[in-house]
Amino acid sequence: MRFKILISATSTVLVVALVFFSLAPAVVSQSGVSNPNKPIETLNFQNAEVTSVLNFLADYGQVNLVTAPQVEGNVTLSLKNVSWQQALDILTKTYNLTAVKEKGYIRVLPTEDWMKESQSEQMHASQQNAIVPLESRIIDVDNAQAADLVIPVKSLLSARGGVEIDARTNSLIVQDIPSNLSKVEAFVKELDCETAQIKISTQLVEVSSTALEEIGVNWDILTSETMADGTQYDSETRVLGADKVLDPIVDFTFGTVQKGWNLQTKIAALISDGRGKILAHPEITTVDNKEARIQMGQKIPIKQFDGSGNVVITYEEVGTILRVTPHITSENRILMHLMPERSTYEFDPNGLIINTNNAETNVVVENGQTVVIGGLTTQDLIENESGVPVLKDIPIIGYLFKYTKKRIENRDLVIFVTPTVVESSLASNGG
């Protein structure tokens, strides 16, 4: 039996096209791959249709992929040892396409169309938010100060949102669109964590310059410190303002107590020998990243005149002032921002002169390690009278039988600063 087949011109073209595309995948396609995460050893396309390449990558990765009708043209790729995801990223970035991951599939469209689509969606969302009724929510703040959270909360609010503070209950009153309120509440709960407390124990001890060496202070131990986040803190000695004073009171120096030395025992020994004296031993507790201030001295009244010529009295603090801002680092060490200040006053025909010297530095220490601030040196003139007993006490003639011995003794006012992290159990019990 014989059959007669008639093929038209258009049918011939169709057959040729089908034969071409049936052969093309045999060169590059690796369909049937059991592990889509396995890298493609060789991926070589020369002037191939972009839709065919995308379909190949979708088959290899075993994902659903939809190509927009606007995606057309030919591509050329020559890649080795790449995953299908990397090949897709290279293809889309090279040929100005965008692959959008939707729920359950990947959508590929021209980047320009995707940008227009995104702008349209944002505009639609903005219009929807403009007509949605606002809601209010009260968010309790348990650990932090509500006022400290206002600025962070404002960064999350929409253009119509607002936040107020209820100081009586330490709460935030937030008004915004309903979809945003839950995000703000979760954000506040994340920030409202219990803040660690640090006890700052200080001792102001006056000792002789020679006895200072016996305390075991290492004045050269402070160096630059690099934290885990890459931030570098300069803990070298820096004296600020000393070059601006003709006769400075003191040049501050910083150091730490050497390990293995019992600080309290050394200080007690110096005091028992009469070579030292504790001027004050203040202690103060502050929360992490909050400044603690310790002041010893006087408040000097100063008369001034206002714009109307009336006498106004203001008070200036004179003496020793220490400002400490501690911060617990990720290594459970303590970074202290130290700002010591020493000032005196003297009378002048034109008024009152206050001589001030201060310094500023950052020091990283272990929990419970002591930082020493020195350089507060004073000079005392000591006079001792010696002579022949009885005869030296006779008026006028007694000067022939006695003499006065003068000597200058240098004494250092040393400030010891010891930061200690307060345990949670002690803080909750008020200890």
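Because the structure is predicted, anything quoted here is derived from the model rather than measured. (Residues numbered from 1 in each chain as written. Predicted model: local features only at pLDDT ≥ 70, side-chain atom pairs only at ≥ 80, totals over all residues. Heavy atoms only, no water.)

Trainee: How do you make sense of the packing of aromatic side chains when you look at a structure like this?
Mentor: The description of an aromatic ring pair rests on the distance of the ring centres and on the angle between the ring planes. Going through the model one piece at a time under the given rule, you end up with three aromatic pairs. Aromatic side chains Phe 56 and Tyr 60 sit 6.3 Å apart centroid to centroid with 50° between the ring planes, which places their arrangement in the tilted category. Of the two residues, Phe 56 and Tyr 60 both sit in helix α3 (residues 50–61), four residues apart, roughly one turn of that helix. Taking relative accessible area as the criterion, Tyr 60 reaches 2% and is therefore assigned buried. Arranged with centres 6.0 Å apart and planes meeting at 90°, the rings of Tyr 345 and Phe 347 form a pair that is edge-to-face. (Phe/Tyr/Trp six-rings, centres within 6.5 Å; stacked < 30°, edge-to-face > 60°. Helix = DSSP H or I, 4+ residues; strand = E, 2+ residues; numbered from the N terminus. Buried < 20%, exposed > 50% of the residue type's maximum accessible area, 1.4 Å probe, protein only.)

Trainee: Help me understand the sheet that holds strand β7 (residues 162–166) in this model?
Mentor: Within a sheet, neighbouring strands are paired by backbone hydrogen bonds and run either parallel or antiparallel to one another. Here three strands make up an open sheet; going across it, the order is β6-β8-β7 and the pairing antiparallel. The open sheet terminates on both sides in strands that have one partner only, identified here as β6 (135–140) and β7. Averaged over all pairs of adjacent strands, the angle between their axes in this sheet comes to 20°, without regard to strand direction. Note: β7 against strand β8 (residues 171–176), five bridges, orientation antiparallel. Bridging from a neighbouring strand, Asp 166 pairs with Ser 171 of β8. This element, helix α7 (residues 178–191), spans β6 and β8 of the sheet and lies at about 10° to β6. (Pairing = 2+ DSSP bridges. Axes fitted to C-alpha atoms, helices over the stretch in contact; angles between N-to-C directions. Contact = heavy atoms within 4.5 Å.)

Trainee: Would you explain a nonpolar patch on the surface in this entry?
Mentor: Together, Phe 305, Val 311, Ile 313 and Tyr 315 line one region of the surface with nonpolar side chains, adding up to about 470 Å² of accessible area. In terms of residues, the nonpolar patch owes the most to one element, strand β18 (residues 311–328), which gives three residues. With respect to the element layout, Ile 313 can be found in strand β18. (Patch = residues over 30% accessible without salt bridge, like charges linked within 9 Å, V, L, I, M, F, W, Y side chains within 5 Å. Areas by Shrake-Rupley, 256 points an atom, 1.4 Å probe, with all protein chains shown as cover. Salt bridge = Lys/Arg side-chain N within 4 Å of Asp/Glu carboxyl O.)

Trainee: Any chance you could explain the packing of α3 against helix α4 (residues 84–94) here in plain terms?
Mentor: Axes are the key here: two packed helices are described by the angle between their axes and the distance separating the axes. At a minimum axis distance of 9 Å, the contact between α3 and α4 shows a crossing angle of 160°. Between α3 and α4, the crossing angle belongs to the class labelled roughly antiparallel. As α3 packs across α4, the resulting crossing turns out to be left-handed. Residue-level inspection shows Val 53, Leu 54, Leu 57, Tyr 60 and Gly 61 of α3 in contact with α4, the latter providing Trp 84, Ala 87, Leu 88 and Leu 91. Among the residues making up the contact of α3 with α4, the classes are represented as eight nonpolar, one polar and no charged. (Parallel < 35°, antiparallel > 145°, perpendicular 65-115°, else oblique. Left-handed = near helix turned anticlockwise from the far one by under 90°. Nonpolar A, V, L, I, M, F, W, Y, C, P; charged D, E, K, R; others polar.)

Trainee: Sorry, what's going on with the pattern of salt bridges here?
Mentor: Side chains carrying opposite charge are able to pair once their charged atoms draw close together. According to the stated counting rule, one finds eight salt bridges in the structure shown. Notably, a salt bridge pairs Arg 323 with Glu 341, separated by 3.8 Å at the nearest N-O pair. One end of the pair, Arg 323, is in strand β18; the other, Glu 341, is in strand β19 (residues 334–348), and 18 residues separate them in sequence. When its relative accessible area of 23% is taken as the criterion, Arg 323 is described as partly exposed.

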